[in-house]
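These are the residues of each chain, in order.
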Amino acid sequence: MTNQLTYEQFSAEAAKLMPQNAFMTTAYGGKTNTMTIGWGSVGIMWRKPVFTAMVRQSRYTKELVEQSNEFTITLPLADMKEALALCGSKSGRDLDKIAAAKLTLAAGQSISTPVIAAPGLQLECKVLFKETMTPANLDSTTKNSCYADGDYHTLYFGEIVAAYKIE
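Because the structure is a prediction, the values reported are computed rather than measured.

What counts and how
- Residues numbered from 1 in each chain as written.
- Predicted model: local features only at pLDDT ≥ 70, side-chain atom pairs only at ≥ 80, totals over all residues.
- Heavy atoms only, no water.
- Phe/Tyr/Trp six-rings, centres within 6.5 Å; stacked < 30°, edge-to-face > 60°.
- Buried < 20%, exposed > 50% of the residue type's maximum accessible area, 1.4 Å probe, protein only.
- Helix = DSSP H or I, 4+ residues; strand = E, 2+ residues; numbered from the N terminus.
- Arc of directions from axis to C-beta.
- Contact = heavy atoms within 4.5 Å.

(A) Geometry of the packing of aromatic side chains. In the structure shown here, the tally under the stated rule is five aromatic pairs. Three or more aromatic residues joined by ring pairs make a cluster, and in this case those are Trp46, Phe129 and Phe157.

Encoded structure:
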């Protein structure tokens, strides 16, 4: 069962759940991949509700979101630590992470990318803007602690076109 949520409802829920990590899923050309994200935010940009996701250059998810221009965010309500750990440590280039983590997909309500069919907050997003980080614009402490390997993020600002809970 799904319950449509208002911005006030899903933004508060996302703020509570994001520190426990989430799944970012994207699909293109018959390929679907999900990855674990620990950083992200909900806000208002360009008068629209937006989820900002950060994806490193080396990630397979980046290849797919670049082609599809959409993604979903699943913020689990139940303990999914094992699935999140697997999806955060393996590459979708080499492994079907969805099968390996024993995850089930459900069709998106407003976009073609599916969501993880688990109890949780679901955000369906269409990319409005993207920007790859410029290392010279990053403070040195963050650069040294988060980007020692030089694998910077692209920030995707995705308009939240549907927000609901799967119970």
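(B) Structural context of helix 3 (residues 81-89). Of the residues making up helix 3, those classed as buried are Ala83, Leu84 and Cys87. Each buried residue of helix 3 sits inside an arc of 100 degrees when the element is viewed along its axis, so together they form one side. Structural note: helix 3 exposes Lys81, Glu82 and Ser89 on the side pointing more than 90 degrees away from its buried face. The secondary structure elements touched by the buried residues of helix 3 are strand 2 (22-28), strand 3 (31-37), strand 6 (70-76) and helix 4 (97-100).

(C) Looking closely at unusual backbone geometry. Positive phi is not limited to glycine here, since Trp46 has a value of about 55 degrees. Considering the arrangement of structural elements, one finds Trp46 in the loop between strand 4 (40-45) and strand 5 (48-56). Residue Trp46 is classed as partly exposed on the basis of its relative accessible area of 47%. At Asn69, a position not held by glycine, the phi torsion is positive, near 60 degrees. Here Asn69 shows up in the loop between helix 2 (60-68) and strand 6. We classify Asn69 as partly exposed; its relative accessible area is 35%.

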